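# Tertiary structure, described
Here are the chains, one letter per residue:
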Amino acid sequence: MKLLLTSLARLLDGPAPRLLPFLAIALLLRLPAVLWARGYEFLDHQFQYVDPAYHLAFDATWWRPWEYERGLRSWAYPGLLAGALRAAHTLGVTDPSLRMVVMRGMHAIVSLLPLLGLWHLLVRWRPLPQARPVLALAAVSGLFVYSGVQPNGPMWAAQFAVSGVLCACGPRNLHAWLAGLLLGIAFTGRFQDALFAPLLFAYFALQRRPAAALGFGAAFGLVVLAQGLLDLWTWGSFLHSPIEYVRANVFEGVANTFAKDSAWLYVPAVAVVTAFLPFVRSAWASVCEGARRYPMLTAAAVLYVIAHGMLERRAVRFVLPGLMLFTIIAAVGVFRAQPQRRFDRAHRWWFVALHVASALVLSLHYFHRGAIEAASALAARPDFKDRLLFVSSHANQSGIGGYYYFDRRNLTVDVVTRDQLATSLSAYPIAEVYAVVEREALAPASLPSNWRCETVGKFTDWPDLKARNHHYVYRFERRP
């Protein structure tokens, strides 16, 4: 172990790496996640990004969530995913799981943008003696790796938002223009990331750089204009998606209908990425050192997290850009000149271990495995056609795993609760149908006497911790 730690220390010591080798290594570090980080962490990931993209790409049926009924979502990002799906299909990649690998690979390339901005900041614009270990940490951190490869709006937007903040630190007016462009692209993926815009505009103004401020505003505004025109084309009114989102969640209180997380949710999230516990004093000193060297990054991270903490609905994925910036700030302090205190050295290794371990776990974990494997098993059966019976504990389709994984252009899903199953089958219009059942296996008494049931399989998450993630697949057949 001592030899391993010594080898790692030597690897992190030395001059800053050259740009292209650094980016190439970072891309290789994302390869395990590209290949194996399957599934979706949260339901919107599948049903509001991947499934709409699948619908656009192949004119396929999909479950239309209420956000799309009201037009709360922009079609910009799903449209991009649809293009990637069509391109993969044209190249002969037709298997759903392999198409996801292609999409994760595309996102992995885009995830190099924050690392590109960070390299320029630490090596060219405001050189840092310990740039090498800070860059290495950002390249391998689970937060950067996982958010960089997953095809969903918040994580896609986070890459551009963080890149925009880093690019704003550049000395030329061109950098300000690029920062506005990057932040504008983040806006199309998740319009809340526009919270960085007034801060960056004020930053250029305080520097007495009116040309930079105007260039930033013009570039940002140009992309927002494009988003507005896209909404006009798809939803019928200019900037419909962000305006309707605010109307529904703020003025109509829709956000209050969801489960509420603690107002302090983001405090432990920041504590985790900075490795605050149990080395409180060392972690605080590291954050203060990073803040002293890069105050604008710190202001952006703090204000972004505080602003989101004031909203009614909270989730860690909502503040990914802030957490990524906090990781950079903490890393700058953690890898300062050789610490003298034993606790500082221990905190350094604890900080590295947390971020590397998170990369390993997130690169291999399979979120919502049960639902996806049930859908994939049905997709592989030649006698599974275009109709599915979903027996759910609630009256929606959020547990089916996604239309994308069933791989049927025209799929009808009939949703019933367990106590409605017998009645539904008695009046069912066809004599054979496959069913997916959540939570618990069906009891024989659940079916009408003239229906027989064949068990296809049971699919669960791993580790198997929650019964609600159990999915049972059956083949029902009506007897003559």
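## So, the overall build of the protein chain
- On a plain count of helices and strands, the protein chain comes out with 22 helices and five strands.
- Taken over the C-alpha trace, the protein chain has a radius of gyration of 25 Å; the compact-globule value for 480 residues is 23 Å, and the two agree within 12%.
- Overall size of the protein chain, expressed as C-alpha extent along the three principal axes, is 80 × 60 × 45 Å.
- Of all 480 residues assigned to the protein chain, the portion counted as buried reaches 52%.
- Sequence-distant contacts in the protein chain: of pairs separated by 6 or more residues, those separated by 24 or more amount to 76%.

## Considerations on the pattern of salt bridges
- For the coordinates displayed, the defined rule picks out 16 salt bridges.
- Asp407 is the partner of Arg99 in a salt bridge, and the nearest nitrogen-oxygen pair spans 3.5 Å. Of this pair, Arg99 sits in helix α6 (residues 96–110) while Asp407 sits in the loop between α21 (403–406) and β2 (412–417), and the two are 308 residues apart along the sequence.
- Given the relative accessible area of 2%, Arg99 is considered buried.
- With relative accessibility at 29%, the residue Asp407 sits in the partly exposed group.
- A salt bridge links Asp193 to Arg190; its shortest N-O distance comes to 3.3 Å.
- Each member of the salt-bridge network shares a partner with another, and the members are Arg381, Asp383, Glu432, Arg452, Arg475 and Glu477.

## Considerations on the state of the cysteines
- Applying the stated rule across the entire model yields zero disulfides.
- With no disulfide of its own, Cys169 has Cys167 as its nearest cysteine by sulfur position, at a separation of 8.8 Å.
- Take Cys169: its relative accessible area is 5%, and that puts it in the buried class.

## Describing the nonpolar core
- Formed by 127 residues in total, the largest nonpolar core has its most connected members in Leu115, Leu122, Phe204 and Leu297.
- Of the residues forming this core, the biggest block, 11 residues, is contributed by helix α18 (residues 320–334).
- Excluding residues within four positions of it along the chain, Leu297 makes contact with Leu121, Val165, Leu166, Cys169, Leu325, Ile328 and Ile329.
- Counting residues in each nonpolar core, the second largest holds 15 residues, with Val437, Trp451, Tyr472 and Tyr474 among its members.

## What to know about a nonpolar patch on the surface
- A cluster of nonpolar side chains, namely Leu28, Leu31, Leu35, Trp36 and Leu364, defines an oily patch on the protein surface of about 500 Å² accessible area.
- Note on placement: Leu364 falls in helix α19 (residues 342–364).
- When its relative accessible area of 52% is taken as the criterion, Leu364 is described as exposed.

## Quick word on the packing of aromatic side chains
- Per the stated rule, a full pass over the model turns up 25 aromatic pairs.
- Their ring planes at 55 degrees and their centres at 5.0 Å tell us that Trp156 and Phe160 sit as a pair that is tilted. With Trp156 and Phe160 both in helix α10 (residues 153–167) and four residues apart, the pair spans about one turn of that helix. Across this residue pair, the class does not change: Trp156 and Phe160 are buried.
- Directly above the ring of Phe42 sits Arg317, whose terminal nitrogen or CZ lies 4.0 Å from the centroid.

## What about the packing of helix α2 (residues 19–36) against α6?
- Closest axis-to-axis distance for the α2/α6 pair is 9 Å, and the angle between their directions is 155 degrees. Here α2 is positioned roughly antiparallel relative to α6, judged by the angle of their axes. The way α2 lies across α6 gives a crossing that is right-handed. Taking contact as the criterion, the partners of Leu27, Arg30, Ala33, Val34, Leu35 and Trp36 in α2 are, on α6, Val101, Arg104, Gly105, Ala108 and Ile109.
- Looking at side-chain class alone, the contact of α2 with α6 contains eight nonpolar, one polar and two charged residues.

## A word on the environment of Val433
- With respect to the helices and strands, the residue Val433 is situated in strand β3 (residues 432–438).
- Note on Val433: relative accessible area 4%, which makes it buried.
- Residues Val433 and Arg475, spaced 42 residues apart in sequence, show a C-alpha to C-alpha distance of 6.0 Å.

Calculation criteria
The residue numbering used here restarts from 1 in each chain and proceeds along that chain's sequence as written. Only residues with pLDDT of at least 70 get local features here, since the model is predicted, and only at 80 or more are side-chain atom pairs given and counted; chain-wide, interface and lining totals rely on the full set of residues. The side-chain values count all of the structure's non-hydrogen atoms but skip hydrogen atoms and water molecules. The numbering of helices and of strands both runs from the N terminus, where a helix is a DSSP run of H or I of at least 4 residues and a strand a run of E of at least 2. Radius of gyration here uses only the C-alpha atoms, and the compact-globule reference equals 2.2 Å multiplied by the residue count raised to the power 0.38. Three labels apply to residues, based on accessible area from a 1.4 Å probe with only protein chains included: buried if under 20% of the type maximum, exposed if over 50%, partly exposed otherwise in between. Contacts were defined at the residue level, with two residues in contact if any of their heavy atoms lie within 4.5 Å. The term salt bridge refers to a pairing of a side-chain nitrogen on Lys or Arg with a carboxyl oxygen on Asp or Glu at a separation within 4 Å. Cysteine sulfur atoms are paired as a disulfide whenever they fall within 2.5 Å. Here the nonpolar core consists of buried residues drawn from Ala, Val, Leu, Ile, Met, Phe, Trp, Tyr and Cys, with membership extended through side-chain atoms lying within 4.5 Å. Only residues whose relative accessible area exceeds 30% and that form no salt bridge are eligible for patches; like-charged ones are grouped when within 9 Å, while nonpolar side chains (Val, Leu, Ile, Met, Phe, Trp, Tyr) are grouped when within 5 Å. Accessible surface area values rest on a Shrake-Rupley calculation with a 1.4 Å probe, where residue burial reflects the displayed protein chains alone. When two rings of Phe, Tyr or Trp (its six-membered ring) have centres within 6.5 Å they constitute a pair, described as stacked for plane angles under 30 degrees, edge-to-face for angles over 60, and tilted for the intermediate range. By definition, being over a ring means that NZ of Lys or CZ of Arg is both within 6 Å of the ring centre and within 35 degrees of the ring normal. Angles run from 0 to 180 degrees between N-to-C directions of axes, and those axes are lines fitted to C-alpha atoms, restricted for helices to the stretch in contact. An angle counts as roughly parallel when it lies under 35 degrees, as roughly antiparallel when it exceeds 145, as roughly perpendicular when it falls between 65 and 115, and as oblique in every other case. A clockwise turn of the near helix away from the far one marks a right-handed crossing, whereas an anticlockwise turn of less than a right angle marks a left-handed crossing. Here the term charged refers only to Asp, Glu, Lys and Arg, the term nonpolar to Ala, Val, Leu, Ile, Met, Phe, Trp, Tyr, Cys and Pro, and the term polar to all other amino acids, Gly among them.

None of the figures reported here should be taken as evidence of function without further support.
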